[in-house]
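Observations on the three-dimensional arrangement
Residue-level listing of the chains:
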Amino acid sequence: MNINRLHELIEAWSEGNLSEDQSLELNTVLRDSQDARALFNEATRMHGLLHTAADTLAMETAAQTNISRVSPEVSFFQTAIAWQNWLGLFVGLSIGIVGVSAVWAFATPAWIAVSRPIANLSNPSFEASADSIQHGFPERFGRWGGDTVEITPSSIAEPKHQSNVLRFVTALSDPLRPSKQALACDLFQLVDLRELRLQRQAEQEMSIELTASFLDDRANNSQPSVTFFCQLYLFRGEGLDMHQRWPEVISEAISSGSAETTTLGKSGWRDVTARCHFSSDADFAVIHVAARPNLRVPMPDRLFIDHVRLIAKTQPVLPIRLANESR
Amino acid sequence: MNPFDPANEATHTLKVQQQFMLHQRSLLAYVLSMVPNPEDAQDLLQDVFLIVSQKANTWAEGTNFFAWACAIVRYEVLHYARAGKKRVVPLDGNILELLHSEETHPSNLDNQIDRLTECLRRLSPRSRELIMLRYHASQLPEAIATEIKRSVNSVRVTLTRIKQTLRECIEQSIAAEEHT
């Protein structure tokens, strides 16, 4: 086979674009040629390494205090990464494995999970007046706070739930890092979990799910792409000084979860759900929702959020003996 | 370890899960060499985590965890292929087995990822940006071309050239280490 043709097929494989005929062709050439198999193994190994190395570099970049400032023409991707999101992801990966295990356990059909909303989440569908939203990170429980947002009636955007939606208006810099360029329009709420902790029984596993509905109501195929985030962090303690220590305090989270979706306009309402294990010593949660344009531009118009839900899922503790089960 | 002692078994399972965390990055790279889409690869890796937890007792402490976990990855990829999930695993199961039989053992992936990360740092900002768009943001060349206002062919050619540069950088890094 022509080596260029093999490279084309490998490229199509790596992009997930192999047609039925191309798949047949690639399978045939790999079956018949040891040289082709060697080349394929090398190329696909490089594909895996590149993805993981690029992720590693992105996390390092995100964790740096100062994002280097280079010209927009060459730097938009680096500067468009909200470091908090990557730090959150890293924390989630580092401390969330037990939670992941528990969430999988909840997904096992043989076990019945019980879901119930956490009542301490305040103003979940943004029906209260705009005055209820604080400027900056919230200083007390049960109140939204963050960057510039506005509550919008149904005449502007069809709500997901009840009669209002919230529009992301402007991204603002963190007060602790005023010189850093704001990348995302963020909104936070502190939620007291102590009552939930008391309700949890010793023989139960519990996880928490944060779901929010997002709408990119720009014209179809609008640039830049926008990423909506749902993030959930659990902490010990009183939480009274969170507004003074955010986002550095993220590293003290005892459990976390993150989820995101990227849109290019006319997305329709999209539900995004972040999950994390509920540690028995968690006192409160910080929930974080955000919209981030993926180019260094002002916040695009017509990005909305509605119907935020915080749910506790409980289930009996799984039996330990799983090792002898056959798949 | 007494396998019938629930306390010992729980401790051992936790150790296995911790080993999984330690090798997670390398395991993902290994999955991605068979499952091209990163989201699918992550999903498959989650399945692997569950199997690893279920079969924790079949790993003996002191033996090569990564090799053991890679065998489970291969099993799971074949399972996907034979279940007809062609979108996730585009190759036939028998071809995958043939590839596995000739593959160099995927050892030292963590070291290779570190080398490659260092090589990415050395790229020009523009080249690094392209690689990050393709391999971190997982955008296809068509989307990258739209985003940076260049032709699709130009993006493909440039990515190929940068990948060759990175291969050479890795070889130089290995040669330099051997020299010292």
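The structure presented is a predicted model; accordingly, all values stated were derived computationally and were not measured.

**Observations regarding the overall build of chain B**
Along the backbone of chain B there are nine helices and zero strands. Traced from its N-terminal end to its C-terminal end, chain B shows the element sequence α-α-α-α-α-α-α-α-α. Buried residues in chain B amount to 34% of all 180 residues. The long-range fraction of contacts in chain B, counting pairs at least 24 apart against all pairs at least 6 apart in sequence, stands at 58%.

**Considerations on the confidence of the model for chain B**
When pLDDT drops low, the exact placement of atoms in the prediction is not to be read closely. All names here are of chain B. Looking at chain B, pLDDT values average 87 and 95% of them are 70 or higher. Averaged over each element, pLDDT in chain B is lowest for helix H1 (residues 6-22) (79) and highest for helix H6 (residues 109-122) (93). Across the predicted assembly, pTM comes out at 0.54 and ipTM at 0.93.

**Some words on the interface of chain A and chain B**
Taken together, the 42 residues of chain A in the interface contact 49 residues of chain B. Listing elements by their share of the side of chain A that touches chain B, those giving two or more residues are helix H1 (3-14), helix H2 (20-32), helix H3 (34-63), helix H4 (72-80) and helix H6 (97-107) of chain A. Top element by residues in the side of chain A that touches chain B is H3(A). It accounts for 18 residues. Of the residues contributing to the side of chain A that touches chain B, the split by class is 19 nonpolar, 15 polar and eight charged.

**With respect to unusual backbone geometry**
Residue and element names in this part refer to chain A. Between Trp246 and the following residue, Pro247, the backbone shows a cis peptide bond with an omega angle of 10°. Turning to its location among the elements, Pro247 is positioned in the loop between helix H8 (242-245) and strand E9 (255-263). We note that Phe126 has phi near 60°; this positive angle belongs to a residue other than glycine.

**Considerations on the pairing of strand E8 (residues 226-235) of chain A**
Residue and element names in this part refer to chain A. Within E8, ten of the ten residues are buried, leaving the element largely enclosed by the surrounding structure. Because side chains alternate across E8, one face comprises the buried residues Val226, Phe228, Cys230, Leu232 and Leu234, and the other comprises Thr227, Phe229, Gln231, Tyr233 and Phe235, equally buried. Of the pairings in the sheet, the one linking E8 to strand E11 (residues 284-293) comprises ten bridges and is antiparallel in character. Within E11, the residue paired with Thr227 across the bridge is Arg292.

**Considering the confidence of the model for chain A**
Residues and elements named next belong to chain A. Within chain A, residue pLDDT values average 77, and 75% of them lie at 70 or more. Low pLDDT (under 50) marks residues 62-111, which in the prediction has 89 contacts with non-local residues, meaning those over four places away or in another chain. Confidence over residues 317-327 falls short of pLDDT 50; this stretch has 17 contacts with residues more than four positions distant or in other chains.

**A short note on the packing of helix H8 (residues 141-148) of chain B against helix H9 (residues 152-179) of chain B**
Residue and element names in this part refer to chain B. In the contact formed by H8 and H9, the axes pass within 8 Å of each other and the chain directions differ by 110°. Relative to H9, the element H8 is oriented roughly perpendicular. Once H8 is placed against H9, the crossing between them reads as right-handed. From H8, Pro141, Glu142, Ile144 and Ala145 reach across to H9, where they touch Val152, Val155, Arg156 and Leu159.

Reading guide: rules and limits
- For every chain, the first residue of the written sequence is number 1, and numbering continues from 1 onward in sequence order.
- Chain letters start at A and ligand numbers start at 1, both assigned in the order the entries are written.
- Reporting of local features is limited, given that this is a predicted model, to residues whose pLDDT is at least 70; pairs of side-chain atoms are given and counted only at 80 or more, and all residues count toward the totals for whole chains, interfaces and linings.
- Helix and strand definitions here come from DSSP, where helices need a minimum of 4 consecutive H or I residues and strands a minimum of 2 consecutive E residues; each element is numbered from the N-terminal end.
- Three exposure classes are used, based on other C-beta atoms lying within 10 Å of a residue's own C-beta, which is placed from the backbone: buried for 20 or more, exposed for 12 or fewer, and partly exposed in between.
- Throughout, a residue-residue contact means that the two C-beta atoms, derived from backbone geometry, are no farther apart than 7 Å.
- Confidence scores labelled pLDDT are given residue by residue by the predictor and lie between 0 and 100.
- Classes in brief: Ala, Val, Leu, Ile, Met, Phe, Trp, Tyr, Cys and Pro nonpolar; Asp, Glu, Lys and Arg charged; the others, Gly included, polar.
- Each pair of strands is called paired provided DSSP finds at least two bridges between the two strands.
- Orientation is described by lines fitted to C-alpha atoms, with helices fitted over the stretch in contact, and by angles between N-to-C directions that extend from 0 to 180 degrees.
- Here the word oblique covers every angle except those under 35 degrees (roughly parallel), over 145 (roughly antiparallel) and from 65 to 115 (roughly perpendicular).
- In a left-handed crossing the near helix is turned counterclockwise from the far helix by less than a right angle, and in a right-handed crossing that turn is clockwise.

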